Amino acid sequence: MTTGRTRAAVARSLIMDTAERLYATRGLAAVSIRQIGEAAGQRNKSAVQYHFSGRDALIKAILAEHAAAIERHRAAMACPEPALMTLTERVRHVVLPRIEHHIELGAPSWYGRFLAQVTVEPALREYAVQAHLNTPSLRRLYDALAAQDDEQGPAATRREDMARQLIVHMPAELEAELAREQPAAEVAAAAWRRLGADLVTAVTGLIDALRASSA
């Protein structure tokens, strides 16, 4: 028998999935809370507000759900202690769990494009960044880096910002391509893993080059 609590959980999940898809394909500004409720099949016009206090709370819930899933992939990686990692290992630690999450989502998926939309929204950008940085594994990594003199200051912040552009927007591009082409699952997985390898190479090279230019 379906309980009220179960029905509420199903409705909440459906609203989140619908909002992610609409935001990913139309942009944040073009989608209203009412449109999300209607697209999610909610007859009550206040259903979204019932489950979430408003747009930002809904978006934060979606981000938190994905951050937790990515964290599970990262926790499964075999990594040395953060302070002992090479630069390439650090970049792999950041990038590859995201790639595995995209593979797990299947195609079509919406998270990559949703995240790209959120990170260019001034009111939500910092929350989107912190939703991932505050996961336990990345918090340990960044705490270890903060103890190293060469990883602090404006130059380090600029490097992180530039690397983040690649890490966020390149998956969004691939996700859109896969959504259009609908390849077999193994073909899509191979494309994601190629992107993951390329991102590790590109981000590592970018950071190395920026470090050298600021030395």
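Residues numbered from 1 in each chain as written. Predicted model: local features only at pLDDT ≥ 70, side-chain atom pairs only at ≥ 80, totals over all residues. Heavy atoms only, no water.

1. A closer look at the nonpolar core
Then, number 1: Counting residues in each nonpolar core, the largest one holds 29 residues, and the members touching the most others are Tyr23, Ile36, Leu58, Ile59, Leu63, Phe114 and Val118.
Then, number 2: When neighbours within four sequence positions are excluded, valine 118 is seen to be in contact with Leu28, Ile59, Leu63, Leu124, Arg125 and Ala128.
Then, number 3: With 25 residues, the next largest nonpolar core counts Met85, Val95, Leu96 and Ala191 among its residues. (Core = buried A, V, L, I, M, F, W, Y, C linked by side-chain atoms within 4.5 Å. Buried < 20%, exposed > 50% of the residue type's maximum accessible area, 1.4 Å probe, protein only. Contact = heavy atoms within 4.5 Å.)

2. Let's talk about the side chain of arginine 98
Then, number 1: Structurally, arginine 98 can be placed in helix α5 (residues 87-105).
Then, number 2: With no salt bridge to any partner, buried arginine 98 finds its closest opposite charge in glutamate 71, at an N-O distance of 10.0 Å.
Then, number 3: Those residues in contact with arginine 98, other than ones at most four positions away along the chain, are Ile70, Tyr111, Leu115, His132 and Ile167. (Helix = DSSP H or I, 4+ residues; strand = E, 2+ residues; numbered from the N terminus. Lys, Arg positive; Asp, Glu negative; His and termini not counted. Salt bridge = Lys/Arg side-chain N within 4 Å of Asp/Glu carboxyl O.)

3. Some words on the packing of α5 against helix α9 (residues 154-181)
Then, number 1: Close contact between α5 and α9 brings their axes to 12 Å; oriented N to C, the two are set at 25 degrees. Relative to α9, the element α5 lies roughly parallel. Seen along the crossing, α5 lies across α9 with a hand that is right-handed. Across the interface between the two elements, Val94, Val95, Arg98 and His102 of α5 pack against Ile167, Pro171 and Glu175 of α9.
Then, number 2: The class makeup of the residues in the contact of α5 with α9 is 4 nonpolar, 1 polar and 2 charged. (Axes fitted to C-alpha atoms, helices over the stretch in contact; angles between N-to-C directions. Parallel < 35°, antiparallel > 145°, perpendicular 65-115°, else oblique. Left-handed = near helix turned anticlockwise from the far one by under 90°. Nonpolar A, V, L, I, M, F, W, Y, C, P; charged D, E, K, R; others polar.)

4. A short note on the packing of aromatic side chains
Then, number 1: Evaluation of the coordinates by the stated rule reveals 1 aromatic pair.
Then, number 2: Lysine 60 extends its terminal NZ or CZ atom over the ring of tyrosine 127, reaching a point 4.8 Å from the ring centre. (Phe/Tyr/Trp six-rings, centres within 6.5 Å; stacked < 30°, edge-to-face > 60°. Lys NZ or Arg CZ within 6 Å of the ring centre and 35° of its normal.)

5. Thoughts on the environment of alanine 209
Then, number 1: As for its placement among the helices and strands, alanine 209 is situated in helix α10 (residues 185-214).
Then, number 2: On a C-alpha basis, the gap between alanine 209 and arginine 159 in space is 9.8 Å, while along the polypeptide they are 50 residues apart.

6. Focus on the environment of tryptophan 110
Then, number 1: Structurally, tryptophan 110 can be placed in the loop between α5 and α6 (111-119).
Then, number 2: Since its relative accessible area comes to 23%, tryptophan 110 is described here as partly exposed.
Then, number 3: For the pair tryptophan 110 and tyrosine 23, spaced 87 residues apart in sequence, the C-alpha to C-alpha distance is 8.7 Å.
Then, number 4: Not counting residues up to four positions away in its chain, the partners in contact with tryptophan 110 are Glu20, Arg21, Ala24, Thr25 and Glu175.

7. Focus on helix α7 (residues 122-133)
Then, number 1: Helix length check: α7, at 12 residues, gives a terminal C-alpha distance of 18 Å against a target of 16 Å (1.5 Å per residue), a fit within 8%.
Then, number 2: Where α7 is concerned, the buried positions are Leu124, Ala128, Val129, Ala131, His132 and Leu133. (Expected span 1.5 Å × (residues − 1).)

8. Structural notes on unusual backbone geometry
Glycine aside, residues mostly have negative phi angles, and peptide bonds mostly take the trans form.
Then, number 1: For the bond running from alanine 107 to proline 108, omega is 5 degrees, close enough to zero to count as cis.
Then, number 2: Positionally, proline 108 belongs in the loop between α5 and α6.
Then, number 3: The phi torsion at glutamine 182 lies on the positive side, around 50 degrees, for a residue other than glycine.
Then, number 4: Secondary-structure assignment places glutamine 182 in the loop between α9 and α10.

9. Focus: α6
Then, number 1: In terms of burial, α6 is largely enclosed, as 8 of its 9 residues are buried.
Then, number 2: For α6, the full list of buried residues reads Tyr111, Gly112, Arg113, Phe114, Leu115, Ala116, Val118 and Thr119.

10. Here we look at the confidence of the model for the protein chain
Then, number 1: Residues with a pLDDT of 70 or more make up 94% of the protein chain, whose mean pLDDT is 90.
Then, number 2: α6 holds the highest mean pLDDT among the elements of the protein chain, 97, whereas helix α8 (residues 136-146) holds the lowest, 81. (pLDDT = per-residue confidence, 0-100.)

11. Looking at the pattern of salt bridges
Then, number 1: Taken as a whole and assessed by the stated rule, the structure comprises 8 salt bridges.
Then, number 2: Among the ionic pairs, arginine 125 bridges to aspartate 161, the shortest N-O distance being 3.8 Å. Here arginine 125, found in helix α7, pairs with aspartate 161, found in helix α9; they are 36 residues apart in sequence, far enough to count as distant.
Then, number 3: Looking at aspartate 161, the relative accessible area reads 30%, which means it is partly exposed.
Then, number 4: Here the salt bridges share partners, and the residues they tie into one network are Arg55, Asp56 and Glu121.

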